[in-house]
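A structural walkthrough
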Amino acid sequence: MTQAASFALASEAAAPDVDVCHHCGAPLPQPPVRAEVAGQAQLFCCGGCAAAAQVITEGGLCAYYDRRDAAGLPALPEADIARLREQWGALADHDFLAAFATDLGAGVWRTLVAVEGIHCGACVWLIEHHLGRIPGVRTAAVNYATRRVLLEWDDTRVHLGELLEAMARIGYKPSPNVRHASEVQQRRAQRYAVLRTLVAWLAMMQVMMLAMPSYFSAGSMNAAETGIFRWASMSITLPALLFSGWTFIQGCWRDLRMRRLGMDVPVVLGLWGAFAVSCVSVVRGSGPVYFDSVTMFLALLLSARLIEASLRQRSTHAADELIEQLPAAVRRREPDGQWQSVAITRLRAGDVVQVPSASLVPVDGIVLDGSSHTLEALLTGEADAVAKEPGDAVLAGSMNVDSPLVVRAERAGQGTRIAQMVELMNGALLHKPRAARLADVAAHWFTLVLLAIAAATALLWWWLDPARIAPAMIAVLVVSCPCALSLAVPATLAAATARLSRAGVLIARGHALDAVASVQAWVFDKTGTLTCGQAEQVRVVWCREGLSADDALARACALEQGVRHPLALALLAQAAARGLSLPGAADVRVLPGEGVVGRVDGRLLRIGRPRQAPRAVDAQATTLELSSLDDDAVLARIEIAETLRPGAAEAVAALAAGGARLELLSGDQPERARAWADRVGIAQASGAMLPQDKLARVRALQAQGLRVAMVGDGVNDAPTLGAADVSVSFANAAPIARAGADVVLAFDDMRVLPLLVEMARRAQRVMRQNLAWAVLYNAVFVPLAVAGRITPLWAAAGMSASSLLVVLNSARLVWLRTKDGSWTPH
């Protein structure tokens, strides 16, 4: 039937009494477009939606609308949902919401929600599409590895509590407090998973023991003895299936209810099909029984899932555990000067808090009073205790070792560095690499093909030998379960991410591992990337007559306030150390690659690189020029000593040894850029480069067919980082650089870069090995099962061993050492 004919028929049929489009949910115009979909007249807002609905229907995807509109079965009784609705309603208060979510401005918020009940790709699809249809939801992305959902929504249109209830009503249990409730959920789920696995193994051993006489001395047993052993095996297998196999039953029921085939469907069909056939044989007193196959399959499959779950939890365990240890309550100084205990979630920037000795610092802030030492190994990579005096910065999550401190909060809650690290790690697997997407698609279609093969096997043996239909079908369902295919990529990504996070390498986007493995050229920025500015070695080397060094430094710092460039931070730190009072600045503008311009004391000033190269170039320092744009006069020249970033030379040498092409792109003077490149061993260096010049150079390398990785940290590096195939930045880099990076280095040491490359290449090899094994295994054993050459017992052993092999092969990445034999670069 043509589309026009469908429209015509629909115009004569009774249309439903609705006021929104059947396809997109938009309000209907008058008159609406009428069309017939799946034999029923529907109303649409336009012809495009009507055509799209017909394409979906004709493609056999009618279940799209069923799943989209399904209310599902609630994960909790209605009374419990009503009780939780009252709690979730408090999230409409922005002060309360700030404890769980990040305010992106303009009414838009972002948070991570822990969700119980996510079992496979079908769950991911359902949650993302169900939430995506709610007006006001901008992003709904499920991280299958950590069972968390990234939500971004317009709070003026929909509240977080409404989104949580929407998930609860399609069969999932959400919790907005990822930092605390998620860990409780994980621990409880882990305990149940271990218990289910132990029960399955105990049942398997008991059933195997009861089956032993039939293996070795079947002829010596009479019918009564055989019946006793079979009834005993059935009585052990049934509770094991109900308790240990309940997670598969839940997943299968959800898949069937949503009309989607996940990998739990063939598992349940195989387990319960074999059990049903065995029960019939027990009742009849004759025929084959497969209780041993069922319990073995159940125990080994649960063991594989338990190992895979432990790998998944490793990816964010370290940082999450540190956040969990932050004090629940802290002492805050009130406006009247009194100290009061408040919840850590109520802290805001500007609050003054007490940090007792031997406790974790709750905020990123500045020490106002007290002297102590802090341990910051997880945050900065510094193994030794760091001395802290008034004016020094402290980080949330660092341990205050000696004496109490009084700290003014600069950032609290989601704004702290440790919270940003956790957010990066949680988002690492949201962007699936190409291999993961292909594996998901392959597993879905493989399940469909598997069920078709099982049906064809039944028909084949019905024609050849009806007595062998049951064992052959069971063997096909069990031996070819797509678990190994589904686990091949997620297990590898979880193991690789966990290993890298222990070394301080945070994968912000999942495709980064794929891309890093094939990088052929590495491009480095200089200042703040290969080098670090030293505040204690800031020198005013020349001043115009009538201007003192302190005045020149104060005016330069007036322009640099709020700038995150390493040289700006060094200037500001030196001004603070000298106790300088900074004048006010107006009309301040940052000119990427040029410097900062603004009005100070009525004069238009500029601080940045010299317009003309100085006669003498000191490779150990960078020269900045303070000039007046009103009369084009140079007022002062300031030198900031630079030192090589820890591990930079070793990282460059290792990358070069691996055959990578290396380049240094710097906005500094060409002679100074060349000197630093020679020092670290980079063959090609370019100086005096503006951001657009760096961008053009990266694109030129890509035009030569090279895959390019860029390492940078500043605002002027952001365009180049975005254009590179892989972008690498640091945890303390400018926010725009860090936000756009594919990989973030939590520590200052750059020796983790070779580890990143080595891990990416090994992970790619492991993914290919896993996928190749899954394909080869099914290509060999499925035909054998169809031919009746494999019994259900051996099918269960083979399939479970296949899944375990995939998971254990991936787990090797967790224990990967660097080439020098160390676990970390420190």
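Residues numbered from 1 in each chain as written. Predicted model: local features only at pLDDT ≥ 70, side-chain atom pairs only at ≥ 80, totals over all residues. Heavy atoms only, no water.

Some points on the overall build of the chain
- Helix and strand content of the chain: 27 helices and 30 strands.
- A buried classification covers 51% of the 826 residues belonging to the chain.
- Summing over all exposed atoms, the chain offers an accessible surface of approximately 35,300 Å²; the carbon and sulfur share of this is 58%. (Helix = DSSP H or I, 4+ residues; strand = E, 2+ residues; numbered from the N terminus. Buried < 20%, exposed > 50% of the residue type's maximum accessible area, 1.4 Å probe, protein only. Areas by Shrake-Rupley, 256 points an atom, 1.4 Å probe, with all protein chains shown as cover.)

Things to note about unusual backbone geometry
- At Asp 587, a residue that is not glycine, the phi angle is positive and equals roughly 55°.
- Tracing the sequence through the fold places Asp 587 in strand β21 (residues 585-591).
- With a phi close to 55°, Asp 601 is a non-glycine residue in the positive phi region.
- Here Asp 601 lies in the loop between β22 (595-600) and β23 (603-608).

Structural notes on the confidence of the model for the chain
- Scored by pLDDT, the chain comes out at a mean of 76, with 74% of its residues at no less than 70.
- With pLDDT under 50 throughout, residues 70-75 is counted as low confidence; its partners more than four residues away or in other chains account for 22 contacts.
- Overall, residues 178-182 carries pLDDT values under 50, and its contacts beyond four positions in sequence, including any with other chains, amount to 14 contacts. (pLDDT = per-residue confidence, 0-100. Contact = heavy atoms within 4.5 Å.)

Quick notes on a nonpolar patch on the surface
- Taken together, Trp 773, Leu 776, Val 780, Leu 784 and Leu 805 make up a surface patch of nonpolar side chains, about 410 Å² in accessible area.
- Among the structural elements, Leu 805 can be located in helix α27 (residues 792-811).
- Look at Leu 805 and you get partly exposed, because its relative accessible area is 42%. (Patch = residues over 30% accessible without salt bridge, like charges linked within 9 Å, V, L, I, M, F, W, Y side chains within 5 Å. Salt bridge = Lys/Arg side-chain N within 4 Å of Asp/Glu carboxyl O.)

A closer look at the sheet that holds strand β26 (residues 661-665)
- Read across the sheet, 7 strands follow the order β18-β30-β29-β28-β19-β26-β27 without closing on themselves; strand pairing throughout is mixed. Only two strands of the sheet have a single neighbouring strand rather than two, namely β18 (505-507) and β27 (684-686). Each neighbouring strand pair of the sheet contributes to a mean axis angle of 20°, computed without reference to strand direction.
- Relative to β26, strand β19 (residues 521-524) runs parallel, the two being bridged by 4 bridges. Paired with Phe 524 across the two strands is Leu 664, which belongs to β26. (Pairing = 2+ DSSP bridges. Axes fitted to C-alpha atoms, helices over the stretch in contact; angles between N-to-C directions.)

Let's talk about the pattern of salt bridges
- Inspection of the entire model under this criterion finds 16 salt bridges.
- Close ionic contact of Glu 152 with Arg 110 constitutes a salt bridge, the shortest N to O distance being 3.1 Å. You can see Glu 152 sitting in strand β6 (residues 148-154) and its partner Arg 110 sitting in strand β4 (residues 108-116), a full 42 residues away along the chain.
- With a relative accessible area of 13%, Glu 152 lands in the buried category.
- Here Lys 694 and Asp 525 are joined by a salt bridge, their closest N and O atoms 3.1 Å apart.

Quick notes on the environment of Leu 662
- Structurally, Leu 662 can be placed in strand β26.
- For the pair formed by Leu 662 and Ala 521, sequence separation is 141 residues and the distance between their alpha carbons is 5.8 Å.
- Beyond its immediate chain neighbours, meaning those up to four positions away, Leu 662 contacts Trp 522, Phe 524, Val 652, Leu 655, Ala 656, Ile 682, Ala 683 and Gln 684.

Overview of the packing of helix α9 (residues 223-244) against helix α10 (residues 246-257)
- Put simply, α9 and α10 touch, their axes get as near as 4 Å, and they point 60° apart. Considering their axes alone, α9 and α10 lie oblique with respect to each other. Contact residues: Leu 241, Leu 242, Phe 243 and Ser 244 in α9; Trp 246, Thr 247 and Ile 249 in α10.
- Taken together, the residues of the contact of α9 with α10 break down into 5 nonpolar, 2 polar and no charged. (Parallel < 35°, antiparallel > 145°, perpendicular 65-115°, else oblique. Nonpolar A, V, L, I, M, F, W, Y, C, P; charged D, E, K, R; others polar.)

A look at the pairing of strand β28 (residues 708-711)
- Residues Val 708 and Met 710 point to one face of β28 and Ala 709 and Val 711 to the other, with burial holding for every one of them.
- The sheet contact formed by β19 and β28 spans 4 bridges and is parallel. Considered in β28, the bridge of Val 523 is made with Met 710.
- Here β28 pairs with strand β29 (residues 726-730) via 3 bridges, running parallel. The residue of β29 that forms the bridge with Val 711 is Val 728.

Quick look at the pairing of strand β2 (residues 40-44)
- Here β2 lies mainly inside the structure; 4 of its 5 residues are buried.
- In this structure, strand β1 (residues 33-37) lies alongside β2, joined through 5 bridges in antiparallel fashion. By the bridge assignment, Ala 35 is partnered in β2 with Gln 42.

A few points about helix α23 (residues 691-703)
- With 13 residues, α23 should reach 18 Å at 1.5 Å per residue; the first-to-last C-alpha distance of 18 Å fits that figure.
- Positive backbone phi, approximately 90°, marks Gly 705, located one or two places after α23. (Expected span 1.5 Å × (residues − 1).)

Some points on the packing of aromatic side chains
- One pass over the full model with this rule turns up 4 aromatic pairs.
- With 5.8 Å between their ring centres and 65° between their planes, Phe 275 and Phe 291 make a pair best called edge-to-face. With a gap of 16 residues between them, Phe 275 in helix α11 (residues 264-284) and Phe 291 in helix α12 (residues 291-325) connect regions that are remote in the sequence. In this pair, the class of Phe 275 matches that of Phe 291, namely buried.
- Ring geometry for Trp 773 against Tyr 777: centres 6.0 Å apart, planes inclined by 40°, an arrangement best described as tilted. Here Trp 773 pairs with Tyr 777, and both are found in helix α26 (residues 752-786), just 4 residues apart, close to one helical turn.
- Residue class for Tyr 777 comes out buried when judged on its relative accessible area of 4%.
- One aromatic cluster in this structure is built from Trp 272, Phe 275 and Phe 291.
- A cation over an aromatic ring shows up here: Arg 637 above the ring of Trp 542, its NZ or CZ 5.6 Å from the ring centre. (Phe/Tyr/Trp six-rings, centres within 6.5 Å; stacked < 30°, edge-to-face > 60°. Lys NZ or Arg CZ within 6 Å of the ring centre and 35° of its normal.)

Overview of the packing of helix α16 (residues 469-479) against α26
- Where α16 meets α26, the closest approach of the two axes is 8 Å, and the angle between their N-to-C directions is 170°. Comparing the axis directions of α16 and α26 gives the class roughly antiparallel. Within the contact between the two elements, α16 uses Ala 472, Ala 475, Val 476 and Val 479 and α26 uses Tyr 777, Asn 778, Phe 781, Val 782, Ala 785 and Val 786.
- Taken together, the residues of the contact of α16 with α26 sort by class into 9 nonpolar, 1 polar and no charged.

Description of the nonpolar core
- Counting 49 residues, the largest nonpolar core has Trp 522, Phe 524, Leu 530, Ile 682 and Leu 753 as the members making the most contacts within it.
- Among the elements that take part in this core, α26 stands out by supplying 10 residues, more than any other.
- If we ignore the near neighbours within four places in the chain, the residues touching Ile 682 are Phe 524, Leu 530, Val 652, Leu 662, Glu 663, Leu 664, Arg 674 and Ala 677.
- Formed by 45 residues, the second largest nonpolar core is a distinct cluster that contains Val 207, Val 265, Leu 301 and Val 782. (Core = buried A, V, L, I, M, F, W, Y, C linked by side-chain atoms within 4.5 Å.)

Side note on the side chain of Thr 295
- Secondary-structure assignment places Thr 295 in helix α12.
- Beyond its immediate chain neighbours, meaning those up to four positions away, Thr 295 contacts Ala 200, Ala 203, Met 204, Val 207 and Thr 237.

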